[in-house]
Amino acid sequence: MNQQEIQDLLTRQRKYFQTGATLPVSTRLAALKRLYAAITANEKEIHLALQKDLGKSNFESYMCETGMVLEEISYMLKNTPRFAREKRVPTPLAQFHSRSFQKPSPYGVVLIMSPWNYPFMLTISPLVDALAAGNTAIIKPSAYSPCTSQVIARIISQCFPSRYAAVVTGGRAENTCLLSQHFDYIFFTGSQAVGKEVMRNAAEHLTPVTLELGGKSPCIVDETANISLAARRIVFGKYLNCGQTCVAPDYLYCHRSVKDKLVKELKKQLQKQYGKDPLHNPNYGKIINEKHFQRILGLISENMLAYGGKSEKKSLRIEPTILDHVRFSDPVMQEEIFGPVLPVLVFDRLDEVIRQVNAMPHPLALYLFTSDKKAAENVLSRCGFGGGCINDTIIHLATTEMGFGGFGESGMGAYHGKTGFDTFTHYKSIVEKKTWIDLPMRYQPYRKTYEKMLRFFLK
């Protein structure tokens, strides 16, 4: 789309929203049901697109993409009528006789910009929340996952008129044009660098934003951890989607006394889960493009290589890799890896871990493997991060009962479930005052008697 077409689309959506057509709960539920039916009907095509873009297997595509979206829709179908109701709140005695309530209201026209690593789930899941809240939406999927973007565009056009929900495909030119427009809310998932541009453009119109970014998420393993179980779960979380997961453990920070045992168990799990030749494992994904393929290879240092490291340029695959004897000053620790490379660092005391994690930009996730409840409480209380797990990885984002989002440099705002509905909703605080009584104490001329009454009411 060119600039004029995007402006016309935005105008149509704003006019449609202002008619109130998206406000009835019945309209929202009908939209979600159409979307659910379209996803189930096109599941094979979605999974094929994900396989072409990222090499994902059908099982992984359902587990991490379509299945999670369908769960989010089911949750919203069940709960939107309750979420959309006015909520009565207590009224202060000084406002006698009144009714105070909060009225959930959609923002209006929202922009959803999604990344390439989970191109279906990270596009449609926020859309579900936006529609449940009563908004219209313009969706901009990533140009790096073109097959999935095409399927998304086709599904959305089948489900909704463009004045309600529409997809804009393309690259940087379209992104720049969209961000120059006045939206009522912007939801962005992607890199910190682009997130800053989104926020900078949103500020021109004072548009509220949710930023789901990333960062170097630590995976801490202390000396009390169940090492074999920790290795199994770390391998799952780190190498899922070929390491291209915003909440993947970015580096392993383990107690010096268990490091060798842990690395040994990690190697066992890598062979067990991915086989001896992962480059030819049909269930192992690929790097999204050659640019990122070369970037990741540049982070692998031969003198630190403890496992893996092989690659195949034709298929854009890099073996699950472990780097040992890594220091925080090394190049691999200067940026988010976003690939199948796991650096291993060691610590001697937990206070050292807390100081180091807090000295770095706030990560999107933090994982801690321990059997010590006091140690867990210490880390959870003192470290700043978006969310995470104790004795597991990744799974904290797979529930509709908790919001998922970043903190500080890893983003702002959250979504999933009720939190997602709240993200795309403005809660109007309203007092409905009765007309049959009017207390005179707030009006001039002020009197001592009224002052005493006011002090009584406002205690």
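My aim in this report is to walk through the structure given alongside it, one point at a time.

Each value, and the rule that gives it
Residues numbered from 1 in each chain as written. Predicted model: local features only at pLDDT ≥ 70, side-chain atom pairs only at ≥ 80, totals over all residues. Heavy atoms only, no water. Salt bridge = Lys/Arg side-chain N within 4 Å of Asp/Glu carboxyl O. Helix = DSSP H or I, 4+ residues; strand = E, 2+ residues; numbered from the N terminus. Buried < 20%, exposed > 50% of the residue type's maximum accessible area, 1.4 Å probe, protein only. Lys, Arg positive; Asp, Glu negative; His and termini not counted. Polar contact = N/O pair within 3.5 Å; in protein donor to acceptor, adjacent residues only side chain to side chain. Contact = heavy atoms within 4.5 Å. Phe/Tyr/Trp six-rings, centres within 6.5 Å; stacked < 30°, edge-to-face > 60°.

### Let's talk about the pattern of salt bridges
In total, this model carries 17 salt bridges according to the counting rule given. Ionic pairing is found between Asp250 and Lys216, a salt bridge with its closest N-O pair at 2.3 Å. Of this pair, Asp250 sits in the loop between helix H9 (227-239) and strand E9 (251-255) while Lys216 sits in the loop between strand E7 (209-212) and strand E8 (218-221), and the two are 34 residues apart along the sequence. Each of the two residues, Asp250 as well as Lys216, counts as buried. The partner of Arg327 in a salt bridge is Asp330, and the shortest N-O contact between them spans 3.5 Å.

### A closer look at the side chain of Asp53
Note that Asp53 resides in helix H3 (residues 43-54). Despite its burial, Asp53 remains without a salt bridge, the nearest opposite charge being carried by Lys286 at 6.6 Å. Separated by 2.7 Å, the side chains of Asp53 and Thr148 make a polar contact. Setting aside chain neighbours within four positions, we find Asp53 in contact with Ser145, Pro146, Cys147, Thr148, Lys286 and Ile288.

### Things to note about the packing of aromatic side chains
Scanning the model with the defined rule gives 16 aromatic pairs in all. Both rings, one in Tyr107 and one in Tyr185, keep their centres 4.8 Å apart while their planes meet at 45 degrees; by these two values the pair is tilted. Here Tyr185 lies in strand E6 (residues 185-189) and Tyr107 lies in the loop between strand E2 (98-106) and strand E3 (109-113), a separation of 78 residues in the sequence. The class for Tyr107 is partly exposed, based on a relative accessible area of 27%. For the ring pair Tyr274 and Tyr284, a centre distance of 5.3 Å and an interplane angle of 70 degrees mean the geometry is edge-to-face. Here Tyr274, found in helix H10 (residues 259-274), pairs with Tyr284, found in the loop between H10 and helix H11 (290-297); they are 10 residues apart in sequence, far enough to count as distant. Of the two residues, Tyr274 and Tyr284, neither departs from the other in class, the shared state being buried. Three or more aromatic residues joined by ring pairs form one cluster here, namely Tyr107, Tyr185, Phe187, Phe404, Tyr415 and Phe424.

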